[in-house]
Every structure is written in structure tokens, then in C-alpha cells.
Amino acid sequence: MDDFIDSLYPEIALETDDIAMTISVKKDYSQIKDLDKRKEEFIKDLNEFIKEFSETPESREFMAYFD
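All of the points below concern the structure found in this document.

The rules behind these values
- Residues numbered from 1 in each chain as written.
- Predicted model: local features only at pLDDT ≥ 70, side-chain atom pairs only at ≥ 80, totals over all residues.
- Heavy atoms only, no water.
- Helix = DSSP H or I, 4+ residues; strand = E, 2+ residues; numbered from the N terminus.
- Polar contact = N/O pair within 3.5 Å; in protein donor to acceptor, adjacent residues only side chain to side chain.
- Pairing = 2+ DSSP bridges.

**As for the environment of D34**
- For D34, the location among the structural elements is in the loop between strand 2 (20–24) and helix 2 (35–54).
- There is a polar contact of 3.1 Å between the side chain of D34 and the backbone nitrogen of D36.
- There is a polar contact of 2.8 Å between the side chain of D34 and the backbone nitrogen of K37.

Here's what the structure looks like:
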């Protein structure tokens, strides 16, 4: 069932020297016709996601992995 749900959303793999992650995008950005504005909206949403995650207990638990 998870594979079916995963196939419904486009994914992007992001990687830097320190972090590699795969993101499934649930929001439909196709309504934003201007590519630059669409990109801005995606980056804004990505920043909000990171901020929200940073405030969760899971982010603290994840960092405890490195203890």
C-alpha cells in the first residue's frame, strides 16, 4: 500500500556534502503558471517544513542519534 501512495506524489532527491534526502511533494504547484513564482512557492513551503520539523520532538530524537 505504501508503494501505491508513494507513486501518487512526485519526488525530488536533494543532496549536499552533509545531507541527502528524498522529498515527496503532495502540493499541486501546477496552478502557478510562472515558473519563477512556482519555484518561490516551493522553496517557501520547504523552508516552512524545515522550521516545523525543527520544533518537533522527532527532530530532537533524531539528533540524539549522534550521542
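**Brief notes about the pairing of strand 1 (residues 11–15)**
- The pairing of strand 1 with strand 2 spans 5 bridges and is antiparallel. Paired with E15 across the two strands is A20, which belongs to strand 2.
- In sequence, strand 1 turns back onto strand 2 through a hairpin of 4 residues.

What is shown is where atoms sit, not what they do.
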